[in-house]
Amino acid sequence: MEGIIALLVTPLILFMIFVAPVWLILHYRSKKQVNKGLSEDERTQLNMMAEKVEKMRERVKTLERILDADSPNWRSQ
């Protein structure tokens, strides 16, 4: 009986001594980075992508106007 308990308790003790502290440190470090928000470089990239999206939206609107003029039934096909 004592042998079975020792087999169950030993891995638990090793986990609590070695794995759990590292796990907690890494967990809270990643939480801190998430709470920091976007870096300046990420913010710049996001703004550049937003500008590209606006340009693409205008291009799509222009293309739709051209298609409406050339082929009025293109949306139903």
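First, a word on scope: everything that follows refers to the structure included in this document.

## As for the overall build of the chain
Reasoning step 1: The number of helices and strands found in the chain is two helices and zero strands.
Reasoning step 2: Its C-alpha atoms give the chain a radius of gyration of 29 Å, more than 25% over the compact-globule value 11 Å for 77 residues.
Reasoning step 3: By residue count, 1% of the 77 residues in the chain fall in the buried class.

## Focus: the environment of Ser39
Reasoning step 1: Mapped onto the elements of the fold, Ser39 is located in the loop between helix H1 (2-36) and helix H2 (40-70).
Reasoning step 2: Measuring from C-alpha to C-alpha, the distance between Ser39 and Met16 comes to 35 Å, with 23 residues separating the pair along the chain.

## Focus: the pattern of salt bridges
Reasoning step 1: As enumerated under the stated definition, the model contains three salt bridges in all.
Reasoning step 2: Several salt bridges share partner residues, and in doing so they unite Glu64, Asp68 and Arg75 into one network.

## A short note on H1
Reasoning step 1: The end-to-end C-alpha distance of H1 is 49 Å, a good match for the 51 Å that 35 residues give at a rise of 1.5 Å each.
Reasoning step 2: Considering bend angle alone, the principal kink of H1 is centred on Met16 and spans about 40 degrees.
Reasoning step 3: Of the residues trailing H1, Gly37 is marked for its positive phi of about 95 degrees.

## Overview of the environment of Leu46
Reasoning step 1: Relative to the assigned elements, Leu46 resides in helix H2.
Reasoning step 2: Here Leu46 falls in the partly exposed class, since its relative accessible area comes to 46%.
Reasoning step 3: Counting along the chain gives 27 residues from Leu46 to Asn73, while the straight-line C-alpha distance between them is 37 Å.

The rules behind these values
Residues numbered from 1 in each chain as written. Predicted model: local features only at pLDDT ≥ 70, side-chain atom pairs only at ≥ 80, totals over all residues. Heavy atoms only, no water. Helix = DSSP H or I, 4+ residues; strand = E, 2+ residues; numbered from the N terminus. Rg over C-alpha atoms; globule rule 2.2 N^0.38 Å. Buried < 20%, exposed > 50% of the residue type's maximum accessible area, 1.4 Å probe, protein only. Salt bridge = Lys/Arg side-chain N within 4 Å of Asp/Glu carboxyl O. Expected span 1.5 Å × (residues − 1). Bend = angle between axes of the 7 residues up to and from the residue.

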